[in-house]
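What follows is each chain in one-letter form.
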Amino acid sequence: MKNITKAVFKDLLDFVRWIIIACITGVVVGAVGVAFVKGLGFVTGLRTSHPIMILGLPIAGIAIVALYKICNYENDKGTNLVISTIHAETEIPLRMAPLIFISTLLTHMFGGSAGREGAALQLGGSIGNQLGRWFKLDENDTREIVMCGMSAAFSSIFGTPMAAV
């Protein structure tokens, strides 16, 4: 009976720990996701009210490439990197989040074609991976938190918070 009580208590603590980690991840990534969606709405509105901005697309492209070079992130594998992180093959650097955020906003501002879904997965995966490092999670738990981050970001761009649960 003593072993069963210990096992139940351990499982209960693990459950509470994951609830706390998931809530923190949801709040952090959800807030970034909401800022991302609001930013996309703002830059899209700006571009549609000033159609001449499309002429700045080549300059925005050069700025994005320069930003990736400055951050030493020239070999961007995008969503594939997030997927390989789930399979425990690589880690996602935190610097991916602001790069994706800024480059997607610049692309949309000047009329470029970039999806928000892939960007959201990369944002959420990057932030989730960093939270896993901060919480000192093992490899399996880090994969779980990366998926939590991805679902939180994906659901925030569609305004469906229950989808992340």
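Residues numbered from 1 in each chain as written. Predicted model: local features only at pLDDT ≥ 70, side-chain atom pairs only at ≥ 80, totals over all residues. Heavy atoms only, no water.

A. The arrangement of the overall build of the protein in detail. Looking only at helices and strands, the protein features seven helices and zero strands. Each helix and strand of the protein, placed in order from N terminus to C terminus, yields the pattern α-α-α-α-α-α-α. For the protein, with 165 residues in total, the buried portion stands at 38%. Taking contacts inside the protein between residues at least 6 apart in sequence as the whole, the part at least 24 apart equals 74%. For the protein, the accessible surface area stands at approximately 9600 Å², while carbon and sulfur atoms represent 69% of it. (Helix = DSSP H or I, 4+ residues; strand = E, 2+ residues; numbered from the N terminus. Buried < 20%, exposed > 50% of the residue type's maximum accessible area, 1.4 Å probe, protein only. Contact = heavy atoms within 4.5 Å. Areas by Shrake-Rupley, 256 points an atom, 1.4 Å probe, with all protein chains shown as cover.)

B. Structural detail: the pattern of salt bridges. Throughout the structure, instances matching the rule amount to two salt bridges. Aspartate 14 serves as the salt-bridge partner of arginine 17, at 2.8 Å between the closest nitrogen and oxygen. One end of the pair is arginine 17 and the other is aspartate 14, both in helix α1 (residues 2-49) and three residues apart, which spans about a single turn. Via salt bridges that share partners, Asp14, Arg17 and Asp141 belong to a single interconnected network. (Salt bridge = Lys/Arg side-chain N within 4 Å of Asp/Glu carboxyl O.)

C. Molecular detail of the packing of aromatic side chains. A complete count under the given rule lists two aromatic pairs for this structure. Measuring from ring centre to ring centre gives 5.5 Å for phenylalanine 36 and phenylalanine 101, while their planes differ by 55 degrees; the resulting arrangement is tilted. Of this pair, phenylalanine 36 sits in helix α1 while phenylalanine 101 sits in helix α4 (residues 96-109); the two residues are 65 residues apart in sequence, bridging distant segments of the chain. Of the two residues examined, phenylalanine 36 and phenylalanine 101, each falls in the buried class. Geometrically, the ring pair formed by phenylalanine 154 and phenylalanine 158 is edge-to-face, given 5.1 Å between the ring centres and 65 degrees between the ring planes. With a gap of four residues between them, phenylalanine 154 and phenylalanine 158 both fall in helix α6 (residues 139-158), about one helical turn apart. (Phe/Tyr/Trp six-rings, centres within 6.5 Å; stacked < 30°, edge-to-face > 60°.)

D. Summary view of a nonpolar patch on the surface. A contiguous nonpolar patch, built from Leu12, Phe15, Val16, Ile19, Ile20, Ile24, Val28 and Phe135 and spanning about 670 Å² of accessible area, is present on the exposed surface. Within the secondary structure, valine 16 is located in helix α1. For valine 16, a relative accessible area of 40% puts it in the partly exposed group. (Patch = residues over 30% accessible without salt bridge, like charges linked within 9 Å, V, L, I, M, F, W, Y side chains within 5 Å.)

The values reported here are purely geometric and, on their own, carry no functional implication.
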